[in-house]
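# Observations on chain architecture
As a plain string of letters, each chain reads:
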Amino acid sequence: MTFEELLKDSEREGEIKGQERLLSLINEMAGTEDVEKISKLGQDSALLCEMLEKYHL
C-alpha cells in the first residue's frame, strides 16, 4: 500500500468517526430541551462545540 493510499484511508476513517460522533450528538439531543438546536449545528461551530462538551462527546 502506498503512502497516498494510507493517507486516504486515514482521512476516510477520520470522516467516519466524525460522522458517528455527530450522529451520537443528534441522538442525545433529540429527547431534550436542545432538540431545536439540532438544525443549527451545521452553521454554528461554537454551538457544535458547546453541545459536544455538554453531552460529553
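Bear in mind that the values here come from a model prediction, so they are computed numbers and not experimental data. (Residues numbered from 1 in each chain as written. Predicted model: local features only at pLDDT ≥ 70, side-chain atom pairs only at ≥ 80, totals over all residues. Heavy atoms only, no water.)

Enumeration according to the criterion identifies four salt bridges in this entry. We note a salt bridge from Lys-54 to Asp-34, for which the minimum N-O separation is 2.7 Å. With Lys-54 in helix H2 (residues 45-54) and Asp-34 in the loop between helix H1 (3-30) and H2, this pair connects stretches of sequence that are 20 residues apart. Of the residues examined, Asp-34 reaches a relative accessible area of 2% and is grouped as buried. Each of Glu-33, Asp-34, Lys-37 and Lys-54 takes part in one network of salt bridges that share partners. (Salt bridge = Lys/Arg side-chain N within 4 Å of Asp/Glu carboxyl O. Helix = DSSP H or I, 4+ residues; strand = E, 2+ residues; numbered from the N terminus. Buried < 20%, exposed > 50% of the residue type's maximum accessible area, 1.4 Å probe, protein only.)

For Glu-28, the position within the fold is in helix H1. In this structure the C-alpha to C-alpha distance between Glu-28 and Leu-57, which are 29 residues apart in sequence, comes to 9.8 Å. Setting aside chain neighbours within four positions, we find Glu-28 in contact with Tyr-55 and Leu-57. (Contact = heavy atoms within 4.5 Å.)

Turning next to the nonpolar core. Listed in full, the seven residues of the largest apolar core are Leu-25, Met-29, Leu-41, Leu-47, Met-51, Leu-52 and Tyr-55. Of all elements in the fold, only H1 and H2 reach the threshold of two or more residues within this core. Tallying contributions element by element places H2 first for this core, with three residues. Excluding anything up to four places from it in sequence, Met-51 contacts Leu-25, Met-29, Asp-34, Lys-37 and Leu-41. (Core = buried A, V, L, I, M, F, W, Y, C linked by side-chain atoms within 4.5 Å.)

Regarding H2, the residues found buried are Leu-47, Met-51 and Leu-52. One face of H2 carries all of its buried residues, which in axial projection span an arc of 135°. Residues Ser-45, Ala-46, Cys-49 and Glu-53 are exposed on H2 and point more than 90 degrees away from its buried face. Summarising the contacts, the buried residues of H2 are in contact with H1. Looking at where H2 begins, the residue whose side-chain oxygen comes 3.2 Å from the main-chain nitrogen of Ala-46 is Asp-44. Looking at the residues trailing H2, positive phi occurs at His-56, about 55°. (Arc of directions from axis to C-beta. Polar contact = N/O pair within 3.5 Å; in protein donor to acceptor, adjacent residues only side chain to side chain.)

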